[in-house]
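Listed here are the chains, written in short residue letters.
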Amino acid sequence: RAGEAMKTVLVDAALVVRNVAGLRQSILDAFDEDDAVSLDLVADQAVDLCGVQLIEAARRHAQAVGKTLSLAHPGEVFRPVLEAAGFLTQASEDDLRFWFHEGSVQ
């Protein structure tokens, strides 16, 4: 995808239940503008299961409609929540590449 334009959504609010609705709309709006959307998360931001579920749902939606969602930076901040929720128990290479940029050239 090198050289392709990509819509970036700056996520500067905590990825927690009270902010999910606004972030969901921002992601949907970005997909209206571009087929490739990157989420740029601020460092050390608060994350809960609702935030992880929102990103995972957006990722699956993008795949289903032939679009792509990516994280601008490895999502290490998500690791404790992903582990606690069981997301990493049988994580695929694609999952690890998406969340942590593992095994891919970034």
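One can find the structure itself at the top, above this paragraph.
Keep in mind that this is a model prediction, so the values were computed, not measured.

Most of strand 2 (residues 36–41) is tucked away: 5 of the 6 residues are buried. Strand direction decides the pairing type here: strand 1 (residues 7–11) and strand 2, joined by 5 bridges, are parallel. Among the inter-strand pairings, Val11 is bridged to a residue of strand 2, identified as Leu41. Here strand 2 pairs with strand 3 (residues 68–71) via 4 bridges, running parallel.

On to the packing of helix 1 (residues 20–33) against helix 2 (residues 49–64). Two measures define how a pair of helices packs: the angle their axes make with one another and the distance between the axes. Two numbers describe how helix 1 lies on helix 2: the axes approach to 10 Å, and their chain directions differ by 20°. Classified by the angle between their axes, helix 1 and helix 2 sit roughly parallel to one another. Considering the relative orientation of helix 1 and helix 2, their crossing is right-handed. For the pair formed by helix 1 and helix 2, the contact residues are Val20, Leu23, Arg24, Ile27 and Phe31 on the first element and Cys50, Gly51, Leu54, Ala58 and Ala62 on the second. Its residues assigned to classes, the contact of helix 1 with helix 2 shows 8 nonpolar, 1 polar and 1 charged.

So, how was this worked out
Residues numbered from 1 in each chain as written. Predicted model: local features only at pLDDT ≥ 70, side-chain atom pairs only at ≥ 80, totals over all residues. Heavy atoms only, no water. Buried < 20%, exposed > 50% of the residue type's maximum accessible area, 1.4 Å probe, protein only. Helix = DSSP H or I, 4+ residues; strand = E, 2+ residues; numbered from the N terminus. Pairing = 2+ DSSP bridges. Axes fitted to C-alpha atoms, helices over the stretch in contact; angles between N-to-C directions. Parallel < 35°, antiparallel > 145°, perpendicular 65-115°, else oblique. Left-handed = near helix turned anticlockwise from the far one by under 90°. Contact = heavy atoms within 4.5 Å. Nonpolar A, V, L, I, M, F, W, Y, C, P; charged D, E, K, R; others polar.

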